[in-house]
Amino acid sequence: IIYTTFHPYLLFSGFLLKILNFRWVADIWDDPRLGIEVKGGKSGLLNAAGKMFLAAVYLLVKKALRYSDFIIVSIKKEALAGYGIRPYNSLYITNGVDMETMKKFSDPEKSADSSEFRLLYVGYVKKIRGIDILLNSLGCLKKEIPGVRLILAGPMNKTDERYVNAEIKRLG
């Protein structure tokens, strides 16, 4: 059995091994297009060729996924309708929070306006991942919970770093 993670090159490798009669489990996490990243700010023929190559890889991966034996996703199965994937061959695992589980760890002594209230974001710090929504939500939340703090843990490129810093400054 071949198990591949969400990077398009790995998924395409899984497809090639499937042709050689290996069983293939594709853990695509979310849409594989998000794993394709071309450094922003560059222009010219070489960058355009790189973008075209990565777009072609994405299209191949999208078509190849229908041949996997099983797919693990964190996005809703319906989002994969355009991939030709059979729903019974996929498992949906949420990235969300199970509130019943979290109740075991909550401290009823701390109030909502506690200076110890922290939000932790772990993952790629990018607009495409919704960091803009998180930052705007934090601005609204600060009005209700002045002591709230956001901790970002993950890589970000220079463009996204400038955006995050500007938003933090704007939101106070």
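Definitions and cut-offs
- Residues numbered from 1 in each chain as written.
- Predicted model: local features only at pLDDT ≥ 70, side-chain atom pairs only at ≥ 80, totals over all residues.
- Heavy atoms only, no water.
- Axes fitted to C-alpha atoms, helices over the stretch in contact; angles between N-to-C directions.
- Helix = DSSP H or I, 4+ residues; strand = E, 2+ residues; numbered from the N terminus.
- Parallel < 35°, antiparallel > 145°, perpendicular 65-115°, else oblique.
- Left-handed = near helix turned anticlockwise from the far one by under 90°.
- Contact = heavy atoms within 4.5 Å.
- Nonpolar A, V, L, I, M, F, W, Y, C, P; charged D, E, K, R; others polar.
- Core = buried A, V, L, I, M, F, W, Y, C linked by side-chain atoms within 4.5 Å.
- Buried < 20%, exposed > 50% of the residue type's maximum accessible area, 1.4 Å probe, protein only.

J.: What is the right way to read the packing of helix α4 (residues 131-144) against helix α5 (residues 158-171) from this model?
T.: Think of two packed helices as two axes; the pair is described by the angle between the axes and how far apart they sit. In the contact formed by α4 and α5, the axes pass within 10 Å of each other and the chain directions differ by 15°. In terms of axis orientation, α4 runs roughly parallel to α5. For the pair α4 and α5, the sense of crossing is right-handed. Of the residues in α5, those touching α4 at I131, D132, L135, N136 and G139 are Y163, V164, E167, I168, R170 and L171. Split by residue class, the contact of α4 with α5 holds 6 nonpolar, 2 polar and 3 charged.

J.: Sorry if this is basic, but what is going on with the nonpolar core here?
T.: In summary, soluble globular proteins display a tendency toward joint burial of nonpolar side chains. Counting residues in hydrophobic clusters, the biggest one holds 14 residues, and the most contacted among them are L11, W24, A26, I28, L65 and I71. Looking at this core, the elements that each hand over two or more residues are α1 (8-19), β2 (24-29), α2 (45-64) and β3 (70-73). With 4 residues, α2 is the single largest residue contributor to this core. The contact partners of I71, leaving out residues within four places of it in the chain, are A26, I28, L65, I85, N89, S90 and L91. With 6 residues, the next largest nonpolar core counts Y121, I131, L135 and V164 among its residues.

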